[in-house]
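Structural features, examined
The primary structure of each chain is shown beneath.
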Amino acid sequence: MPSFQLYSPTDLRDALKFKESEGEKVIVLASGTDLVPRIRKRQIAPSLLLDISPLQDDLRYVRQSDGVVHLGAHATITDLMESPIFRERLSMVREAAEKFGAPQIRNVATVGGNVCSASSSEDLIPVFLALDAQVKLISATRKRSLPLKDFVIGKRATALKPQEILSEVFFRSPGGNYWSAFVKLGRRNILIVSLVNETLVLSLEDDMLTVGSVRIALNRLAGRVPALAEKTAGFLRGRRLSDATIAEAQRTLASELSLTSDFRGSAAYRAEVAQVYLKRLIRRCAARISGG
Ligand SMILES: Cc1cc2nc3c(=O)[nH]c(=O)nc-3n(C[C@H](O)[C@H](O)[C@H](O)COP(=O)(O)OP(=O)(O)OC[C@H]3O[C@@H](n4cnc5c(N)ncnc54)[C@H](O)[C@@H]3O)c2cc1C
């Protein structure tokens, strides 16, 4: 393991001052489930780590107020699994959490670490994209919020400035007759690196047939970057759900995917799976909305 210096503040203001003064040199360490293996493999060689794990009072929470769900950066995957907020219509979050790694990983891996990793295999990014989530970024001198879709700007690249840390992911609960669902394919049943993950938030008009709002996100829609399937959502919006509509939506999805092949699976296989998953997700959400 390469050597590095570790700064472990117990006060958020102290952490932010440190980040401000040391700037780009400092890499944030949350629980290290992504970072530490990368350091071990010498993919990165940070000289200075800022350990934010002692800041749980400020950064670890899962709560809802006035229809807005707030997830502190240090909320763990187990925290998501255990929250009553994700038992019903927002069950997509719980489904993603339940399929995440294994219990040891879920107990420590954090929401902020997942989003800031900005890797194509991360499971929460598509979930939060489909929920139109925003991220709260804080430094010693300012706070700002940014839509998640503008935060993840490429593979392992975010809009985080050197003096900032991510403090929260938040989103408004969708309104109307809606449900959400998540599905993931890997090469085994636990400790899965996603070949494809796909998320849907769907709402139906009061006739329970016509699509109201719809957001679909995939981990690799644009090559190795998670993104929203905007063309497919645009096609579905306002249409009555039928086998023909879903089949056309599947073709639209195939046309907007820009997938890549790697040792885990080919682009063609991923595209096939993504289309099958779209149908399953639509059927699952529609059935739940109608009380099925
Ligand atoms: C065995 C195993 C299984 C896994 N399974 C899954 C899985 O099923 N699904 C999945 O999505 N991922 C999985 N992962 C990857 C990893 O667990 C997740 O990405 C996790 O959410 C990272 O959280 P962390 O707290 O460990 O982040 P860390 O490793 O501490 O940090 C990750 C990155 O985010 C940055 N960072 C962290 N927090 C902040 C912050 N608040 N502000 C600014 N930057 C920050 C760090 O600098 C680093 O670049 C797995 C990893 C392992 C080792």
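Provided above is the structure to which this section pertains.
Figured I'd write up the structure that's included with this text. The model shown is predicted, which means the values in this text are computed figures rather than measured ones.

Some words on the environment of Ser8
- Within the secondary structure, Ser8 is located in the loop between strand E1 (5-7) and helix H1 (12-22).
- On the accessibility criterion, Ser8 (37% relative accessible area) is partly exposed.
- Linking Ser8 and Pro54, residues 46 residues apart in sequence, is a C-alpha distance of 7.0 Å.
- Each residue touching Ser8, except ones within four places of it in the same chain, is listed here: Asp51 and Pro54.
- Among the polar contacts listed, one links the side chain of Ser8 to the side chain of Asp51, at a separation of 2.9 Å.

Notes on the pairing of strand E3 (residues 48-51)
- Judged by which residues are buried, E3 turns out to be covered on both faces: Leu48 and Leu50 on one side and Leu49 and Asp51 on the other are all buried.
- By the bridge criterion, three bridges tie E1 to E3 in an arrangement that is parallel. When the sheet's bridge partners are listed, Leu6 is paired in E3 with Leu49.
- For strand E2 (residues 26-29) and E3, the ladder comprises four bridges, and the chain directions are parallel. Within E3, the residue paired with Val28 across the bridge is Leu50.
- Remark: the E2/helix H2 (residues 35-40)/E3 crossover connection has right-handed handedness.

A short note on the environment of Val214
- Considering the arrangement of structural elements, one finds Val214 in strand E13 (residues 211-222).
- When the C-alpha atoms of Val214 and Val201 are compared, they prove to be 5.6 Å apart, with 13 residues separating the residues in sequence.
- The residues contacting Val214, other than those within four sequence positions of it, are Leu200, Val201, Leu202, Ala233, Leu236 and Arg237.

Let's talk about the sheet that holds strand E14 (residues 225-228)
- Here we have four strands laid out as an open sheet, ordered E11-E12-E13-E14, and antiparallel in their pairing. Whereas interior strands pair on both sides, the edge strands pair on one side only; in this sheet they are strand E11 (177-185) and E14. Shown here is a sheet whose adjacent strand axes are inclined to one another by a mean of 10°, direction ignored.
- In the sheet, strand E12 (residues 196-204) pairs with E13 via six bridges, with the strands oriented antiparallel.

What about the site of the ligand?
- As a structural note, the neighbourhood of the ligand is formed by 31 residues, with Val28, Thr33, Leu35, Thr110 and Asp123 the closest of them.
- Taking Val28, its main chain carries an N or O atom lying 2.5 Å from an oxygen atom of the ligand.
- Taking 990 Å² as the accessible area of the ligand by itself, protein coverage stands at 87%.
- For the shell around the ligand, the secondary structure elements donating two or more residues are E2, helix H7 (111-117) and strand E10 (165-172).
- The dominant element in the shell around the ligand, judged by the number of residues it contributes, is H7, at five residues.

Notes on the pattern of salt bridges
- All told, the structure shown has 15 salt bridges when counted by the stated rule.
- Between Glu95 and Arg284 there is a salt bridge, with the nearest N and O atoms lying 3.2 Å from each other. Residue Glu95 is located in helix H5 (residues 91-98), and its partner Arg284 is located in helix H12 (residues 267-289); the two are separated by 189 residues in the primary sequence.
- Look at Glu95 and you get buried, because its relative accessible area is 12%.
- One salt bridge in this structure joins Glu248 and Arg251, with 2.9 Å as the shortest N-O distance. One end of the pair, Glu248, and the other, Arg251, are both in helix H11 (residues 243-256), three residues apart, so they sit about a helical turn from each other.
- Assessed through its relative accessible area of 32%, Glu248 is described here as partly exposed.
- One connected set of salt bridges, linked through shared partners, spans Asp34, Arg38 and Arg156.

Calculation rules
Residues numbered from 1 in each chain as written. Predicted model: local features only at pLDDT ≥ 70, side-chain atom pairs only at ≥ 80, totals over all residues. Heavy atoms only, no water. Helix = DSSP H or I, 4+ residues; strand = E, 2+ residues; numbered from the N terminus. Buried < 20%, exposed > 50% of the residue type's maximum accessible area, 1.4 Å probe, protein only. Contact = heavy atoms within 4.5 Å. Polar contact = N/O pair within 3.5 Å; in protein donor to acceptor, adjacent residues only side chain to side chain. Pairing = 2+ DSSP bridges. Right-handed = clockwise from strand over helix to strand, strands pointing away. Axes fitted to C-alpha atoms, helices over the stretch in contact; angles between N-to-C directions. Near = heavy atom within 4 Å. Areas by Shrake-Rupley, 256 points an atom, 1.4 Å probe, with all protein chains shown as cover. Salt bridge = Lys/Arg side-chain N within 4 Å of Asp/Glu carboxyl O.

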